[in-house]
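An overview of the molecular structure
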Amino acid sequence: MPLKYLVILGSVRDNRNGLRVSKFILEKLSHLPHEFKLLDPLELNLPLVRTPLHFFKDPKEAPQILHSINKDIVDSDAFLIVTPEYNQSIPPALSNLLNYFPPASYAHKPSAICCYSISMFGGIRCSIQLRGMLIELGSVSIPSLFSISKVTEALNEDGTANDKTMDERCDKFLKQLEWYAMAIKEHKKTIPPS
Ligand SMILES: Cc1cc2nc3c(=O)[nH]c(=O)nc-3n(C[C@H](O)[C@H](O)[C@H](O)COP(=O)(O)O)c2cc1C
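Scope of this entry: the structure provided in the associated data block. (Residues numbered from 1 in each chain as written. Predicted model: local features only at pLDDT ≥ 70, side-chain atom pairs only at ≥ 80, totals over all residues.)

Section: the overall build of the protein
Looking only at helices and strands, the protein has eight helices and five strands in total. From first element to last, N terminus to C terminus, the protein shows the α and β order β-α-β-α-α-β-α-α-β-α-β-α-α. Scaling as 2.2 N^0.38, a compact globule of 194 residues should have a C-alpha radius of gyration of about 16 Å, and the protein matches this with 16 Å. Projected onto its principal axes, the C-alpha positions of the protein cover 50 × 40 × 25 Å. The proportion of buried residues among the 194 residues of the protein is 35%. Of the contacts made within the protein by residues no fewer than 6 positions apart, 82% connect residues no fewer than 24 positions apart. (Helix = DSSP H or I, 4+ residues; strand = E, 2+ residues; numbered from the N terminus. Rg over C-alpha atoms; globule rule 2.2 N^0.38 Å. Buried ≥ 20, exposed ≤ 12 C-beta atoms within 10 Å, placed from the backbone. Contact = placed C-beta atoms within 7 Å.)

Following this line, the structure appears as structure tokens:
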């Protein structure tokens, strides 16, 4: 069963290490029999949320870009979030992007978190808070995390790994996301979410 993954980046920082992580992840996804699309807050360049899409009284008044991103979210079967931790928390570019869209767009779909940092914490403290946010948005956070400590040592700029365990850990993580995405997609065919 082919799936549609939406990969969402968490950093817009100059010289962000997130690019090496997303290159690694996208390369892995390219070997799977699924589609994937990237949502990069740097490219989208949305201002701080003033009116989320679902707060417009007349949806036709919302900027077209919000409708377009919302369609990507609605059309996807699973979310893969690639994010650092900023001050032990969720980077503002990520929460800003996610906050624009209604829980109904994310609901009943699995999400997986690939977190990283330059320290040994590997972004894990962001992932704890991000799970809470994703649950609030209605997404089902899978049990596995793919955490990358010392990201500049683990991955090269071109996204290739120096750490031999990276491939094995990532494959296992993506397998779990695939399992949840297939299970939920299949179940929704017979029993629509209430
Ligand atoms: C505002 C800010 C806060 C940060 N806070 C943390 C932190 O809490 N824990 C950590 O391990 N690294 C922290 N770092 C370092 C990041 O792990 C490192 O800069 C990483 O490369 C960030 O990802 P990015 O380059 O894709 O933005 C912080 C970096 C920034 C810019």
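Observations concerning the site of the ligand
The immediate surroundings of the ligand are formed by 14 residues, with Ser 11, Gly 18, Pro 84, Ser 117 and Ser 119 found nearest. Split into classes, the residues belonging to the shell around the ligand amount to four nonpolar, seven polar and three charged. (Near = placed C-beta within 6 Å. Nonpolar A, V, L, I, M, F, W, Y, C, P; charged D, E, K, R; others polar.)

As for the sheet that holds strand E2 (residues 35-39)
With respect to topology, five strands assemble into an open sheet ordered E2-E1-E3-E4-E5, the strand pairing being parallel. Looking along the sheet, the strands with just one partner apiece sit at the ends: E2 and strand E5 (140-148). Neighbour to neighbour, the strand axes of the sheet diverge by 20° on average, direction disregarded. Direction of pairing for strand E4 (residues 110-116) relative to E5: parallel, over a ladder of six bridges. Counterpart to Tyr 116 in the pairing with E5 is Ile 148. (Pairing = 2+ DSSP bridges. Axes fitted to C-alpha atoms, helices over the stretch in contact; angles between N-to-C directions.)

Section: unusual backbone geometry
The phi dihedral of Asn 45 falls on the positive side, at around 50°, and the residue is not glycine. Among the structural elements, Asn 45 can be located in the loop between helix H2 (41-44) and helix H3 (64-75). Phi is positive for Asn 87, close to 50°, though the residue is something other than glycine. Relative to the helices and strands, Asn 87 resides in the loop between strand E3 (78-84) and helix H4 (92-99).

What about the nonpolar core?
In terms of nonpolar packing, the biggest core is built from 42 residues, with Val 21, Leu 80, Ile 81, Val 82, Cys 114 and Leu 177 touching the most fellow members. In contact with Val 82, other than residues within four places in its own chain, are Val 7, Leu 9, Gly 10, Gly 18, Val 21, Ser 22, Ile 25 and Cys 114. (Core = buried A, V, L, I, M, F, W, Y, C linked by C-beta atoms within 7 Å.)

Some thoughts on the environment of Gln 176
Inspection of the secondary structure assignment puts Gln 176 in helix H8 (residues 165-190). Taking the C-alpha atoms as reference points, Gln 176 and Leu 94, separated by 82 residues in sequence, lie 23 Å from one another. Setting aside its immediate chain neighbours within four residues, Gln 176 contacts Ile 142 and Ser 144.

Structural notes on H4
Taken as a whole, H4 has its buried residues at Ala 93, Leu 94, Leu 97 and Leu 98. The buried residues of H4 occupy an angular sector of 125° when the element is viewed end-on, so they sit on one face. Buried positions along H4 lie against strand E1 (4-9), E2, H2, E3 and helix H6 (124-136). (Arc of directions from axis to C-beta.)

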